[in-house]
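# Structural description and commentary
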Amino acid sequence: ALFQCDHVPYTLVPVSGWQELETAFLEHKEQFHYFILINCGANVDLLDILQPDEDAIFFVCDTHRPVNVVNVYNDTQIKLLIKQDDDLEVPAYDDLFRDEEEDEEHSGNESDEGSEPSEKRTRLEEEIVEQTMKRRQRREWEARRRDILFDYEQYEYHGTSSALVMFDLAWMMSKDLSDMLWWAIVGLTDQWVQDKITQMKYVTDVGVLQRHVSRHSHRHQDEEHVLSVDCTRISFEYDLRLVLYQHWSLHDSLCNTCYTAARFKPWSLHGQKRLQEFLADVGLPLKQVKQKFQSMDISLKENLREMIEESANKFGMKDMRIQTFSIHFGFKHKFLASDVVFATMALMESPEKDGSGTDNFIQALDSLSRSNLDKLYRGLELAKRQLRATQQTIASCLCTNLVISQGPFLYCSLMEGTPDVVLFSKPASLSLLSKHLLKSFVCWTKNRRCKLLPLVMAAPLSVEQGTVTMVGIPPETDSSDKKNFFGRAFEKAAESTNSRTMHNHFDLSVIELKAEDRSKFLDALVSLLS
């Protein structure tokens with residue numbers, strides 16, 4: 001949108017992993033001088049991977065942390081777009097880099113011919129001692145560097161949403177449009193939905209966006225705009241933590257929202273009974289709850305949020321409402337930010353055979369435009385299917401005890417032939433399923449130790465090639481900082497066992513693995529984390 005404002009021609013190339021990024025760069029490096037990488041490129045040594053010419057310049061706006069130290073300290077070819085208040089905790093330059101010392105080879109023959117043999121010997125001994133000291137200092141420095149880098153790169157986590165960084169840039173240039181503000185909101189909500197940031201970080205960034213929303217709404221408060229049929233209105237909401245409930249039935253939403261499903265366990269008879277008790281406490285008849293939300297009696301919908309929140313508190317759900325935003329297109333279409341996130345995610349990872357990754361990306365991108373609401377509604381239908389499949393898979397895993405403790409972590413593997421398994425071969429879908437499964441398992445299990453363990457999950461990727469996608473999820477605790485240590489652990493386990501793995505995803509905690517190597521890889525992971 002910023003380029004369109006300034007009539008700057010550009011080429012957009014969607015990539016899903018490092019291989020596609022390298023291929024795209026090789027295809028375009030002759031015709032372009034500037035490259036902008038969004039949500040990729042920060043956490044690896046870009047110059048080492050892409051081997052660009054010296055005149056190529058990269059602008060990197062990526063939420064992945066930690067940022068590779070070479071990218072941080074190379075300010076000629078790599079420009080990082082990062083908010084000033086994002087603390088990167090990068091080690092000092094002198095702790096990581098030092099000038100290569102010239103090889104000082106001293107030969108006794110070069111000394112003055114008139115020198116006494118004893119003087120020569122003394123000077124030679126001094127030089128040997130000096131060189132030995134320098135070598136020892138070098139070794140100590142390298143060991144310290146390794147330790148510093150290990151501490152810095154040990155955990156993978158996420159910084160401020162790229163959409164929010166870009167909106168900030170537009171705002172500084174006085175080119176911030178309402179559409180851009182909405183995209184920034186969707187970007188932040190995506191981080192919250194996918195559990196990539198802490199609740200504190202989410203609330204802080206919501207506060208920043210709330211100020212922008214009120215600024216924009218004051219700007220548009222002329223009478224014509226308020227009354228126009230096709231106007232766009234963004235508003236701050238304190239809404240229910242229920243997925244897609246305004247486009248679904250309340251019953252379906254309660255059964256397929258991770259937060260409520262993990263606590264009610266609606267796949268069991270006892271869970272169904274508890275859910276009905278909850279609805280009775282709210283004062284909602286089952287007939288009303290099972291029909292589309294839009295068709296419910298207006299009298300029931302009036303104070304619905306407050307009533308549900310009050311009953312949820314009695315049932316131990318203290319966080320039933322969250323700070324979020326909604327958008328109105330005219331008078332008919334209203335969407336919560338989380339609705340749009342689930343719709344675009346479903347479109348991006350659509351399991352339809354005829355759609356390529358690029359086609360899916362374009363579909364998801366189009367759905368963010370108000371002129372393509374039909375695509376957004378299609379995304380909502382795909383999201384409902386995905387959410388149902390997620391909860392059914394969780395119920396199946398818990399009821400058949402597929403989540404097993406391996407010692408330092410929990411492990412769950414989806415078998416080929418499991419219903420809807422094709423939906424979980426893509427990284428974002430599998431990550432979301434894993435996070436929801438871990439939350440449900442923590443509510444389900446009686447074993448206190450298991451409640452504190454991380455989860456490793458595997459799903460079939462390609463039957464022909466015999467590969468699985470594997471993802472690692474950090475422990476589910478209230479004080480969780482959302483930092484993930486599985487990226488480095490997967491690398492080390494693969495190295496030590498020569499397992500055939502592919503670390504192609506921008507999230508380091510997602511890998512592809514040959515199914516035959518799975519048992520030795522897991523054994524190495526157990527001994528590494530024990």
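Right, let's walk through the structure included here. The residue count restarts for each chain, going from 1 along the sequence in the order it is written. Confidence filtering applies because this is a predicted model: local features only for residues at pLDDT of at least 70, side-chain atom pairs given and counted only at 80 or more, and all residues used for totals across whole chains, interfaces and linings. The side-chain values count all of the structure's non-hydrogen atoms but skip hydrogen atoms and water molecules.

## Considerations on the sheet that holds strand β8 (residues 333-336)
Heads up, the rule is: Whether two strands pair comes down to DSSP finding at least two bridges between them. For helices the rule is a DSSP run of H or I covering at least 4 residues; for strands it is a run of E covering at least 2, with both sets numbered from the N terminus onward. Think of each axis as a best-fit line through the C-alpha atoms, taken over the contacting stretch in the case of a helix, with angles from 0 to 180 degrees between the N-to-C directions. In this analysis, two residues are considered to be in contact whenever any of their non-hydrogen atoms come within 4.5 Å of each other.
Taken in spatial order, the three strands line up as β6-β7-β8 in an open sheet, and their pairing is antiparallel. Bordering the open sheet on either side are β6 (232-240) and β8, each of which pairs with just one other strand. Across the sheet, the mean angle from the axis of one strand to that of its neighbour is 25 degrees, orientation sign disregarded. As judged from the nine bridges shared by β6 and strand β7 (residues 321-329), these two strands associate in the antiparallel manner. The residue of β7 that forms the bridge with Glu237 is Thr324. Relative to β6, helix α16 (residues 304-314) is tilted by about 25 degrees, and along the sheet it contacts β6, β7 and β8. Set on the sheet, helix α19 (residues 373-399) makes contact with β7 and β8; between it and β8 the angle comes to about 50 degrees.

## Description of the nonpolar core
Under the convention used in this document: To qualify as a nonpolar core, a set must consist of buried Ala, Val, Leu, Ile, Met, Phe, Trp, Tyr and Cys residues joined through side-chain atoms within 4.5 Å. Residue burial is assigned from relative accessible area. The probe radius is 1.4 Å, only protein chains are included, and a residue is buried under 20% of its type maximum, exposed over 50%, and partly exposed in between.
Residues Trp182, Ile185, Leu209, Leu244, Phe335 and Phe342 are the most contacted members of the largest nonpolar core, which totals 43 residues. Looking at this core, the elements with two or more residues in it are α7 (162-172), α8 (178-193), α9 (199-219), β7, α17 (337-348) and α19. Of the residues forming this core, the biggest block, nine residues, is contributed by α8. Judged by nonpolar contacts, the second largest core, of 25 residues, contains Leu410, Cys450, Leu453 and Ala459.

## Some details on a nonpolar patch on the surface
Definition in use: Surface patches are defined over residues having more than 30% relative accessible area and no salt bridge, joining like charges when they lie within 9 Å and nonpolar side chains (Val, Leu, Ile, Met, Phe, Trp, Tyr) when within 5 Å. In short, Shrake-Rupley with a 1.4 Å probe defines the accessible areas, and a residue's cover is counted only from the protein chains shown. Just to be clear on terms, a salt bridge is a Lys or Arg side-chain nitrogen sitting within 4 Å of an Asp or Glu carboxyl oxygen.
The grouping of Phe3, Val8, Tyr10, Leu12, Ile36, Ile38, Ile362 and Leu365 at the surface amounts to a nonpolar patch, some 670 Å² of accessible area in total. Counting only elements with at least two residues in the nonpolar patch, the list comes to β1 (34-38) and α18 (357-366). If you trace the backbone, Ile362 turns up in helix α18.

## As for the environment of His28
The condition is simple: By the criterion applied in these results, polar contacts are pairs of N or O atoms within 3.5 Å in which, for protein atoms, one can donate a hydrogen and the other can accept it, and in which residues neighboring in sequence qualify only through two side-chain atoms.
Here His28 shows up in helix α2 (residues 18-28). Look at His28 and you get buried, because its relative accessible area is 17%. Counting along the chain gives 17 residues from His28 to Thr11, while the straight-line C-alpha distance between them is 9.4 Å. Excluding its chain neighbours within four sequence positions, the residues that come into contact with His28 are Thr11, Val13 and Phe35. Engagement of the side chain of His28 in a polar contact is seen with the backbone oxygen of Ala24, the distance being 2.7 Å.

## Examining unusual backbone geometry
Here the amide bond leading from Arg65 into Pro66 is cis, since omega sits at 0 degrees, within 30 degrees of zero. Among the secondary structure elements, Pro66 is positioned in the loop between β3 (64-65) and α4 (69-73). Here Leu244, not a glycine, exhibits a phi torsion of approximately 50 degrees, which is positive. Within the element layout of this structure, Leu244 appears in the loop between β6 and α11 (250-256). Given the relative accessible area of 0%, Leu244 is considered buried. Phi at Lys265 takes a positive value of approximately 50 degrees, unusual for a residue other than glycine. Checked against the element boundaries, Lys265 lands in the loop between α12 (258-264) and α13 (269-282).

## Some details on the packing of helix α21 (residues 486-497) against helix α22 (residues 518-529)
We apply this condition: Convention used here: angles under 35 degrees read as roughly parallel, angles over 145 as roughly antiparallel, angles from 65 to 115 as roughly perpendicular, and any remaining angle as oblique. Helix crossings get a hand from a simple test, with the near helix turned counterclockwise from the far one by less than a right angle marking a left-handed crossing and a clockwise turn marking a right-handed one. Polar here means any residue outside two lists: the nonpolar Ala, Val, Leu, Ile, Met, Phe, Trp, Tyr, Cys and Pro, and the charged Asp, Glu, Lys and Arg; Gly therefore counts as polar.
In contact at an axis separation of 9 Å, α21 and α22 are set at 120 degrees when each is read in the N-to-C sense. The angle between α21 and α22 falls in the class oblique. In terms of crossing hand, the pair formed by α21 and α22 is right-handed. Residues Phe486, Ala489, Phe490, Lys492, Ala493, Ala494, Ser496 and Thr497 of α21 touch α22, and the partners they reach there are Lys520, Phe521, Ala524, Leu525, Leu528 and Leu529. The class makeup of the residues in the contact of α21 with α22 is ten nonpolar, two polar and two charged.

## Quick look at the side chain of Ser161
Along the chain, Ser161 turns up in the loop between β5 (157-158) and α7. According to the relative accessible area criterion, Ser161 is buried, its value standing at 4%. Setting aside residues no more than four positions away along its own chain, Ser161 makes contact with Gly187, Leu188 and Gln191.

## Observations regarding the pattern of salt bridges
Applying the stated criterion to the full structure yields 22 salt bridges. A salt bridge links Lys83 to Asp168, with the nearest nitrogen and oxygen atoms 3.5 Å apart. Taken together, the residues Lys83 in the loop between β4 (78-80) and α5 (93-96) and Asp168 in helix α7 connect sequence positions 85 residues apart. No difference in accessibility class separates Lys83 from Asp168, as the two residues are buried. Among the ionic contacts, a cluster of salt bridges with common partners joins Arg65, Asp86, Lys201 and Asp205.

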